[in-house]
Amino acid sequence: MTEKRDYLYDEVALGMRGRSLLSIHDLSVTEVEKIFEVAARLKEETKAGVEHHLLRGKTLAMIFTKPSTRTRVSFEVAIWQLGGYGLFLSAQELQLRRGETIADTARVLSRYVDGIMIRTFDHRDVEDLARHGTVPVINGLTDLLHPCQVLADYFTVYEKRGRTKGLKMVYVGDGNNVAHSLMFGGAKVGMDVTVACPPGYEPLPDIVKLAREDARATGATIEITHDPHEAVKGADVIYTDVWASMGQEAEREKKAQALAGFQVNQALIEAAGKKDVMVMHCLPAHRGEEITDEVMDGPHSVVFDEAENRLHVQKAILVLLMQGRKAGESGL
Ligand code: CP
Ligand code: NVA
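I will try to describe carefully the structure that is included in this document.

Thresholds applied
- Residues numbered from 1 in each chain as written.
- Chains lettered and ligands numbered in written order.
- Predicted model: local features only at pLDDT ≥ 70, side-chain atom pairs only at ≥ 80, totals over all residues.
- Heavy atoms only, no water.
- Core = buried A, V, L, I, M, F, W, Y, C linked by side-chain atoms within 4.5 Å.
- Buried < 20%, exposed > 50% of the residue type's maximum accessible area, 1.4 Å probe, protein only.
- Helix = DSSP H or I, 4+ residues; strand = E, 2+ residues; numbered from the N terminus.
- Contact = heavy atoms within 4.5 Å.
- Pairing = 2+ DSSP bridges.
- Right-handed = clockwise from strand over helix to strand, strands pointing away.
- Near = heavy atom within 4 Å.
- Polar contact = N/O pair within 3.5 Å; in protein donor to acceptor, adjacent residues only side chain to side chain.
- Areas by Shrake-Rupley, 256 points an atom, 1.4 Å probe, with all protein chains shown as cover.
- 1 Å grid on protein atoms, 1.4 Å probe; cavity = no way out; pocket = protein on both sides within 12 Å on 5 of 7 lines; lining within 4 Å.
- Sits in = over half its atoms within 2 Å of the grid points.

**Considering the nonpolar core**
- Judged by nonpolar contacts, the single largest core of 67 residues is most densely connected at I35, L151, Y154, M169, I317 and L318.
- The element best represented in this core is helix α13 (residues 303-322), accounting for nine residues.
- Sequence-distant contacts of I35, that is, excluding residues within four places in its chain, are made with M16, L27, L151, V313, A316, I317 and L320.
- In this structure, V232, V264, I269 and V279 belong to the second largest nonpolar core, which totals 21 residues.

So this is what it looks like as structure tokens:
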């Protein structure tokens, strides 16, 4: 096994074992490259029908406080294809709902499982889970960040273009969790990221600052602007996301008004001025709001490739973080 899969035993891969993945900011440039390398290999094997039970006998708890289609299904299939088992845990049905603390939940789950994936509101809850648990914790989306999504997105760019360095990513819409992770990700893969959003909907200044600091390592730039048509000029990727994220239902109307001029439509694609500009969306899409049917179903759209790559990239993440753990290692 070690000869055959040397790439899982080099210094970078060994350095990732047992760690949590809460933010792309916490990964080094070479760790992001390692995730892409492993994802590409596992994807190729999967397509060729080659089984790879690299996490045989391991269990992944998957806690959801918010709805999900892609994250739930792709993580569950991922752990299954790796020879392990995934437990779907609705936060509504856990004792968390009745006041058991995140810290105690982390301590208990760490006695049963080899990894925890969590989707929730407050990013600090995920940090608490990682701090008090003894198994790797993976962020499956918080109000602040969506790292697994964005790793799959940049992997998709890499697959389609053979490189990421020097390319231009323009995110058009609300300065939300996905926008935050896109800035962190661009900084690591060397892609210039511009966020075009209405005044008052900018990404958080602390995240912009950190992303700019990270970007020094690759020479990428991080820009915030309020003019989407100007922003997309020369874009290699135009990315959008829903205007009202999960938990923001009460602001839906207000945000729809503010973001009305930020729809990704044919006119915006043409403003990019590049024949091969790619259109990305993390999904789910609100067709007719942030993106038109014409664009979503058109030749520039790679949205379903992104969705597929959630599976392959998350398999790489699970292997790199969870491999090498012995069953029952935590606490006993
Ligand atoms: N993109 C994404 O995370 O989708 P789900 O909300 O369906 O998991
Ligand atoms: N910004 C969106 C992403 C969904 C995958 C949300 O948080 O609802």
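**Some words on the pairing of strand β3 (residues 115-119)**
- Summarising burial for β3: five of the five residues are buried, a large majority.
- Burial of the side chains of β3 extends over both faces: G115, M117 and R119 are buried on one face and I116 and I118 on the other.
- Here β3 pairs with strand β4 (residues 137-139) via three bridges, running parallel. Across the sheet, the residue bridging to M117 is I138, located in β4.
- Each parallel crossover has a hand, and for β3 linked through helix α5 (residues 123-132) to β4 it is right-handed.

**Notes on the site of ligand 2**
- Ligand 2 sits among L141, H146, N176, N177, D241, V242, S245, M246 and L283.
- In the environment of ligand 2, a nitrogen atom lies 2.6 Å from a nitrogen or oxygen atom belonging to the side chain of D241.
- Between ligand 2 and S245, the relevant distance is 2.8 Å, taken from a nitrogen atom to a side-chain nitrogen or oxygen of the residue.
- Summarising the interface, the protein chains cover 95% of the accessible area of ligand 2, which totals 270 Å² for the free molecule.
- A majority-of-atoms criterion places ligand 2 in the largest pocket.

**Structural notes on the pairing of strand β1 (residues 59-64)**
- Taken across its six residues, β1 has six buried, putting it largely inside the fold.
- Of the two faces of β1, the one carrying T59, A61 and I63 and the one carrying L60, M62 and F64 are both buried.
- Between the parallel pair β1 and strand β2 (residues 85-90), the chain is carried across by helix α3 (residues 70-81), and the sense of this crossover is right-handed.

**Looking at the side chain of D241**
- Residue position: D241 is located in the loop between β8 (237-240) and α10 (252-258).
- A distance of 2.8 Å separates a polar atom in the side chain of D241 from a polar atom in the side chain of N176.
- In this view, D241 contacts Y171, N176, N177, V178, H281, C282 and E290; residues no more than four positions away in its chain are not counted.

Nothing here speaks to function; it is geometry throughout.
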